Amino acid sequence: MSPREIADEADALDVLRWWGSAGVEHLYEDAPRNRFEEATRPPPPRAARPAPAPAAPPVMAPAVAAPDAAARTAAEWAAQAHTLVALREAMLRFDGCALKKTATQLVFADGAPGAAVMIVGEAPGGDEDRIGRPFVGRAGQLLDRMLAAIGLDRTTVYIANVVPWRPPGNRTPTPQETAICVPFIRRQIELCAPRILVTMGNPSTQTLLGVKEGITRIRGGWRAYEIAPGRSVPALPTLHPAYLLRSPAAKRWSWLDLRALRAALDGLV
Ligand code: URA
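Reading the values: the criteria
Residues numbered from 1 in each chain as written. Predicted model: local features only at pLDDT ≥ 70, side-chain atom pairs only at ≥ 80, totals over all residues. Heavy atoms only, no water. Helix = DSSP H or I, 4+ residues; strand = E, 2+ residues; numbered from the N terminus. Contact = heavy atoms within 4.5 Å. Areas by Shrake-Rupley, 256 points an atom, 1.4 Å probe, with all protein chains shown as cover. Core = buried A, V, L, I, M, F, W, Y, C linked by side-chain atoms within 4.5 Å. Buried < 20%, exposed > 50% of the residue type's maximum accessible area, 1.4 Å probe, protein only. Salt bridge = Lys/Arg side-chain N within 4 Å of Asp/Glu carboxyl O. Axes fitted to C-alpha atoms, helices over the stretch in contact; angles between N-to-C directions. Parallel < 35°, antiparallel > 145°, perpendicular 65-115°, else oblique. Left-handed = near helix turned anticlockwise from the far one by under 90°. Nonpolar A, V, L, I, M, F, W, Y, C, P; charged D, E, K, R; others polar. Phe/Tyr/Trp six-rings, centres within 6.5 Å; stacked < 30°, edge-to-face > 60°. Pairing = 2+ DSSP bridges.

## Side note on the overall build of the protein chain
Right, so step 1: If you tally the helices and strands in the protein chain, you get twelve helices and six strands.
Right, so step 2: Across the protein chain, the fraction of contacts at a sequence separation of at least 24, relative to all contacts at a separation of at least 6, is 70%.
Right, so step 3: Roughly 16000 Å² of accessible area belongs to the protein chain as shown, and the carbon and sulfur atoms make up 57% of that amount.

## Topic: the nonpolar core
Nonpolar side chains in soluble globular proteins generally cluster together in the buried interior.
Right, so step 1: Counting 40 residues, the largest nonpolar core has Met118, Ile185, Ile189 and Tyr225 as its most contacted members.
Right, so step 2: Contributions of two or more residues to this core are made by helix H3 (67-80), helix H4 (84-93), strand S2 (117-121), strand S3 (157-161), helix H8 (175-192), helix H9 (202-209), strand S5 (223-228) and strand S6 (231-238).
Right, so step 3: Apart from the residues within four sequence positions on either side, isoleucine 185 is in contact with Met118, Val120, Ala160, Asn161, Val162 and Leu208.
Right, so step 4: Residues Ile119, Leu143, Ile159 and Leu244 belong to the second largest nonpolar core, which totals 22 residues.

## Let's talk about the pattern of salt bridges
Right, so step 1: Scanning the model with the defined rule gives nine salt bridges in all.
Right, so step 2: Ionic pairing is found between arginine 187 and glutamate 190, a salt bridge with its closest N-O pair at 3.2 Å. Of the two residues, arginine 187 and glutamate 190 both sit in helix H8, three residues apart, roughly one turn of that helix.
Right, so step 3: For the salt bridge of aspartate 266 with arginine 262, the shortest nitrogen-to-oxygen distance reads 2.8 Å. Of this pair, aspartate 266 and arginine 262 both sit in helix H12 (residues 251-267), four residues apart, which is roughly one turn of the helix.
Right, so step 4: Exposure remark for aspartate 266: the relative accessible area of 52% places this residue in the exposed category.
Right, so step 5: Overall, the relative accessible area of 27% leaves arginine 262 in the partly exposed class.
Right, so step 6: If you follow the salt bridges from partner to partner, you end up with Asp110, Arg133, Asp144 and Arg154 in one network.

## Concerning the packing of H4 against H8
Right, so step 1: In contact at an axis separation of 10 Å, H4 and H8 are set at 165 degrees when each is read in the N-to-C sense. Looking at the two axes, H4 sits roughly antiparallel to H8. The interaxial crossing formed by H4 with H8 has left-handed handedness. Every residue of H8 that contacts H4 at Leu84, Leu87 and Met91 is listed here: Phe184, Arg187, Gln188, Leu191 and Cys192.
Right, so step 2: A class-by-class count of the residues in the contact of H4 with H8 yields six nonpolar, one polar and one charged.

## What about the packing of aromatic side chains?
Ring pairs (aromatic) are described by centroid distance and by the angle formed between their planes.
Right, so step 1: Under the definition given, this model contains three aromatic pairs.
Right, so step 2: When the centroid spacing of 5.9 Å and the interplanar angle of 80 degrees are considered together, the rings of tryptophan 77 and phenylalanine 94 count as edge-to-face. One end of the pair, tryptophan 77, is in helix H3; the other, phenylalanine 94, is in the loop between H4 and helix H5 (99-102), and 17 residues separate them in sequence.
Right, so step 3: Here tryptophan 77 falls in the partly exposed class, since its relative accessible area comes to 25%.
Right, so step 4: Between phenylalanine 94 and tryptophan 165 the ring centres are 6.5 Å apart and the planes differ by 20 degrees, which places this aromatic pair in the stacked class.

## Considering the pairing of S6
Right, so step 1: Looking at chain direction, strand S4 (residues 196-200) and S6 are connected through four bridges and run parallel. Paired with valine 198 across the two strands is leucine 236, which belongs to S6.
Right, so step 2: Pairing of S5 with S6, which is carried by five bridges, proceeds in the antiparallel orientation. Residue tyrosine 225 lies in a different strand from S6, and its bridge partner there is valine 233.

Laid out in structure tokens, this is it:
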């Protein structure tokens, strides 16, 4: 595609939206640079230089540890945290996940710690990253309406994500990023100690419930989540509200899951 002139403000907004959807969120130079023109400019003449020294081995960014070591550190720090406050502090100090470098802040949780229902999503999006709370964007507003339909709200549920830092451009977290962060969410679930766990969408369901099937196949089927050795709670995989925004016809399945959740809650003594 050849570059084209930006004709007016609507055009410029279009381009910005396109950049946003491609994950471009930060501009680092004050003045614009015409990279198309730069690409066609002949290279400057090269001064005679001595032969370059052999390339040194690449230097690892010190703030991000190797994935296995990072996952081990996450597991150790998570185990050492005996309260949700301590866990949050440990996560604030943790530098093992590269996503922390591009995210604005840690998105730890929202809602009532110790609630009977804990909901776990995938990872924060742009709104969550800006505000610092999970599920506050469009998907979050739909989640609030879904909860309200069965008499719940953020004072009666606890909400977190498998990955607590926003992946750039809202992409799905990589398996490596997930593996590094998973000890934290497991510990968060253990410390919150819900009576029922709800996993929303594929990444959360597959990570926490260890299933390979897609969410549309297994949603609504109760599973057991082992909160701690020998201690399980019922877990309900369901569709992610972001998916429901894209596929409104699937809301009828979601409604069945919500009713199942309500009935299970009513059955708790
Ligand atoms: N989607 C998620 O999975 N989590 C959020 O917090 C927001 C959107």
